[in-house]
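If you want the building blocks of each chain, they are given just below.
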There are 2 protein chains.
Amino acid sequence: MQLLKKRILTDGKTISSEVLLVDSFLNHQVDPQLMREIGEEFARIFKDAKATRVATIESSGISPALMTAMKLGIPMVVMKKSTSTILSEELIQTPVHSYTKGTNYQLTTKRRFIDPGDRVLIIDDFLANGEAALGATRLVQRAGAQVAGIGIVIEKAFQPGRKRLIDAGFKPVSLAAIARMDQDEIEFEE
Amino acid sequence: MQLLKKRILTDGKTISSEVLLVDSFLNHQVDPQLMREIGEEFARIFKDAKATRVATIESSGISPALMTAMKLGIPMVVMKKSTSTILSEELIQTPVHSYTKGTNYQLTTKRRFIDPGDRVLIIDDFLANGEAALGATRLVQRAGAQVAGIGIVIEKAFQPGRKRLIDAGFKPVSLAAIARMDQDEIEFEE
């Protein structure tokens, strides 16, 4: 997605060869117009996926996921990061490791927001190690539903997330895949 | 806002005379179409407020705030809940007490996302005790900016939030104000 790549080059800040700061338009300050265009792009890409729900991981995935769900005309479900394991018939949980923070959390949602037979389109802001996205696929499957697709706004293609998702049987689609980066330059995959 | 009140009556669940569950359309599962209509309503209400930025508190405020910012054509800033005090020139923080969780957090944003002279429209999903909204006004003022307005999706009018905001010099506007509720009934203010 050219518009997004241009925005990353203009307003993104590479902190190191692994950390990209896009907090001026994606995950702290948010550009609603860009989010709308991202939502329309995901809706176009996944138009034949027969998705019945969009799911995302709080909180930076919410904006692109909401716009995608709006365009597709389906509900959006926020999977929450819980610090504790809660035993309840109502909830489904799966442990996820955050490499960014060096901590673990329980990705959590309510059973009644993912029905058996649902086709769930997972949308998230970043793909790096794939931990969060894989956790989301586990919750979907544990609810008896199917993953209709995985859409990622920015992929760090030099990290193992894509390979791990493909090994698990999924085909993630990213709008901007960064092949490599350092403090002076960001290079996208073809 | 009639559409919202109808939705609260249809899909909201009163857990007690103080707790209203709206997680099927507002803050766990989200109805994008309803969020769009809420955003348009806030944009209409605050059309003369000359807002230059929308600010909200993560994470349930993000959806209505994003739609409001989209309609107004201005950026949206997410104020984050941090568990720790961080000393940094880059950040502004203010302590907020969560009555729901019985804990305190530091409401946090980056200085560069609220400029001196900005007129900030604060949008949040709930107004109860007013702690979060008051915290948001403090961050805005600490940044040298002005509060252009406070828009609330659902107000629990039987709790002190409105009075506290008015005493602090603000005029909160809510789309649905609940006068009283119990397990059988929800009564809105006129």
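Below: a short report on this structure. (Residues numbered from 1 in each chain as written. Chains lettered and ligands numbered in written order. Predicted model: local features only at pLDDT ≥ 70, side-chain atom pairs only at ≥ 80, totals over all residues. Heavy atoms only, no water.)

Here we come to the interface of chain A and chain B. If you look at the interface, chain A gives 31 residues, while chain B gives 31 residues. Contact between chain A and chain B buries roughly 2600 Å² in total, counting both sides, with carbon and sulfur atoms accounting for 59%. Counting every contact that joins chain A to chain B gives four salt bridges. Asp23(A) is paired through a salt bridge with Arg112(B); the nearest N and O atoms lie 3.0 Å apart. Our enumeration of links across chain A and chain B arrives at 16 residue pairs in polar contact (both at pLDDT 80 or more). Sorting the residues of the side of chain A that touches chain B by element identifies β3 (29-30), α2 (32-45), α3 (62-72), β5 (76-82) and β7 (103-110) of chain A as the ones contributing at least two each. It is α3(A) that provides the largest number of residues to the side of chain A that touches chain B, a total of six residues. For the side of chain A that touches chain B, the per-class residue count stands at 15 nonpolar, eight polar and eight charged. With two bridges connecting them, β3(A) and strand β5 (residues 76-82) of chain B associate as antiparallel partners. Looking at β5(B), one finds that Gln29(A) is bridged to Val77(B). (Contact = heavy atoms within 4.5 Å. Buried area = accessible area lost by both parts, 1.4 Å probe. Salt bridge = Lys/Arg side-chain N within 4 Å of Asp/Glu carboxyl O. Polar contact = N/O pair within 3.5 Å; in protein donor to acceptor, adjacent residues only side chain to side chain. Helix = DSSP H or I, 4+ residues; strand = E, 2+ residues; numbered from the N terminus. Nonpolar A, V, L, I, M, F, W, Y, C, P; charged D, E, K, R; others polar. Pairing = 2+ DSSP bridges.)

The next point concerns the relation of the copies chain A and chain B. Rotating chain A by 180° and moving it 0.0 Å along the rotation axis overlays it on chain B with an RMSD of 0.0 Å. Considering both components of the superposition, the chain copies are consistent with a two-fold axis. Residues of chain A ranked by C-alpha distance from the rotation axis are headed by Ser59(A), positioned 2.9 Å from it. (Least-squares fit on C-alpha atoms with pLDDT ≥ 70 in both.)

So, about the packing of helix α2 (residues 32-45) of chain B against helix α3 (residues 62-72) of chain B. Residues and elements named next belong to chain B. Running from N to C, α2 and α3 cross one another at 55°; their axes reach a closest spacing of 7 Å. By the criterion of interaxial angle, the relationship of α2 to α3 is oblique. Relative to α3, the crossing made by α2 is right-handed. Two secondary-structure elements touch here, α2 through Pro32, Met35, Arg36, Ile38, Gly39, Glu40, Phe42 and Ala43 and α3 through Ser63, Pro64, Met67, Thr68, Lys71 and Leu72. Looking at the contact of α2 with α3 residue by residue, the class counts come to eight nonpolar, three polar and three charged. (Axes fitted to C-alpha atoms, helices over the stretch in contact; angles between N-to-C directions. Parallel < 35°, antiparallel > 145°, perpendicular 65-115°, else oblique. Left-handed = near helix turned anticlockwise from the far one by under 90°.)

Let us now look at the nonpolar core. Counting 72 residues, the largest nonpolar core has Leu4(A) and Leu4(B) as its most contacted members. Those residues in contact with Leu4(B), other than ones at most four positions away along the chain, are Phe25(B), Leu34(B), Ile38(B), Val153(B), Leu175(B) and Ala176(B). Core analysis: the second largest hydrophobic core is formed by 24 residues, Ala55(A), Met79(A), Val120(A) and Ala143(A) among them. (Core = buried A, V, L, I, M, F, W, Y, C linked by side-chain atoms within 4.5 Å. Buried < 20%, exposed > 50% of the residue type's maximum accessible area, 1.4 Å probe, protein only.)

Residue placement: Asp23(B) occurs in the loop between β2 (20-21) and β3 (29-30). On the basis of relative accessibility, which here comes to 6%, the residue Asp23(B) falls in the buried class. Side chain to side chain, Asp23(B) and Lys110(A) meet in a polar contact 2.4 Å long. When neighbours within four sequence positions are excluded, Asp23(B) is seen to be in contact with Lys110(A), Arg112(A), Phe113(A), His28(B) and Gln29(B).

Residue and element names in this part refer to chain A. Each neighbour pair has its own omega, and for glutamate 58 with serine 59 the value is -5°, a cis peptide bond. Secondary-structure assignment places serine 59 in the loop between β4 (53-57) and α3. In this model, lysine 50 sits at a positive phi of 55°, which is unusual for a non-glycine residue. By the element assignment, lysine 50 lies in the loop between α2 and β4. Classification of lysine 50 by relative accessible area gives exposed; the value is 63%.

Moving on to the pattern of salt bridges. Residues and elements named next belong to chain A. With the rule as written, the count across this model stands at 26 salt bridges over all chains. The residue arginine 7 makes a salt bridge to aspartate 11 at a minimum N-O spacing of 2.7 Å. A residue pair is termed a helical-turn pair when its members lie 3 or 4 positions apart in one helix, as arginine 7 and aspartate 11 do in helix α1 (residues 2-11) at four residues. Between arginine 7 and aspartate 31 there is a salt bridge whose closest N-O contact spans 2.7 Å. Residue arginine 7 is found in helix α1, and its partner aspartate 31 is found in the loop between β3 and α2; the two are separated by 24 residues along the sequence. Through salt bridges with shared partners, a single ionic network connects Arg7, Asp11 and Asp31.

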